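Chain by chain, the residues run as shown.
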Amino acid sequence: DGDGFVLDPEDRRTIEQERDHYEQPQAACIEALKIVQRRHGWVPDGAIVAIAEALGIGPAEVEGVATFYSLVFRQPVGRHVILVCDSSSCFLTGYDALREALSSRLGIGFGQTTSDGRFTLLPVCCLGACDSGPVLMIDDDTYGPVAVEDVADLLESYP
Ligand code: FES
């Protein structure tokens, strides 16, 4: 069942247009998930069902795509999402210290949201900025290399 989730009519139209661009409706799946997330901040179970209906594919297929992409959030997130790259280059250039600085500053670990709902902290695979490690992303902005002593100021710029 869809948990009562209803696609915004405009979003539904955009998703259907995306679907019609492709020979395989599956190809529009990631775009559809992004559209829902842009409006709701995350992708609830009901949205998986609604997207599947709009694309004419099975919910398990949509769920599979949603699970594969770490930038698709399947749980509620804070106002800002911090993604810390834990792939090889960043691991070698200071990932541990950066994660530690973020955790102690925010008082949360990976997968958690600050009690004021301001930040969610998550790990992410390579963000494609490996030359600038350690790299993190806050909302749509990528930063790197991020020095531990810059963490406080960086977080301050996301009220
Ligand atoms: Fe971190 Fe590629 S390994 S951005």
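Residues numbered from 1 in each chain as written. Predicted model: local features only at pLDDT ≥ 70, side-chain atom pairs only at ≥ 80, totals over all residues. Heavy atoms only, no water.

### Things to note about helix α3 (residues 45-55)
Logical step 1: Counting buried residues along α3, 8 of its 11 residues qualify, which places the element largely inside the surrounding structure.
Logical step 2: Within α3, the full set of buried residues consists of G46, A47, I48, A50, I51, A52, A54 and L55.
Logical step 3: Looking at the buried positions of α3, the neighbouring elements they touch are α1 (9-21), α2 (29-40) and α4 (59-68).
Logical step 4: One or two steps after α3, the chain reaches G56, where phi turns positive at roughly 75°. (Buried < 20%, exposed > 50% of the residue type's maximum accessible area, 1.4 Å probe, protein only. Helix = DSSP H or I, 4+ residues; strand = E, 2+ residues; numbered from the N terminus. Contact = heavy atoms within 4.5 Å.)

### Here's the deal with the pattern of salt bridges
Logical step 1: In the structure shown here, the tally under the stated rule is 8 salt bridges.
Logical step 2: For the salt bridge of R19 with D20, the shortest nitrogen-to-oxygen distance reads 3.1 Å.
Logical step 3: Given a relative accessible area of 25%, R19 falls into the partly exposed group.
Logical step 4: We classify D20 as exposed; its relative accessible area is 56%.
Logical step 5: A salt bridge links R74 to D45; its shortest N-O distance comes to 2.7 Å. You can see R74 sitting in the loop between α4 and β1 (80-85) and its partner D45 sitting in helix α3, a full 29 residues away along the chain.
Logical step 6: Judged by relative accessible area, which is 21%, R74 ranks as partly exposed.
Logical step 7: For D45, a relative accessible area of 44% gives the class partly exposed. (Salt bridge = Lys/Arg side-chain N within 4 Å of Asp/Glu carboxyl O.)

### Regarding the packing of aromatic side chains
Logical step 1: Applying the stated rule across the entire model yields 3 aromatic pairs.
Logical step 2: Seen from their ring centres, F91 and Y95 are 5.5 Å apart, and the 25° between their planes marks the pair as stacked.
Logical step 3: Among the residues examined, F91 registers a relative accessible area of 45% and is labelled partly exposed.
Logical step 4: Among the residues examined, Y95 registers a relative accessible area of 7% and is labelled buried. (Phe/Tyr/Trp six-rings, centres within 6.5 Å; stacked < 30°, edge-to-face > 60°.)

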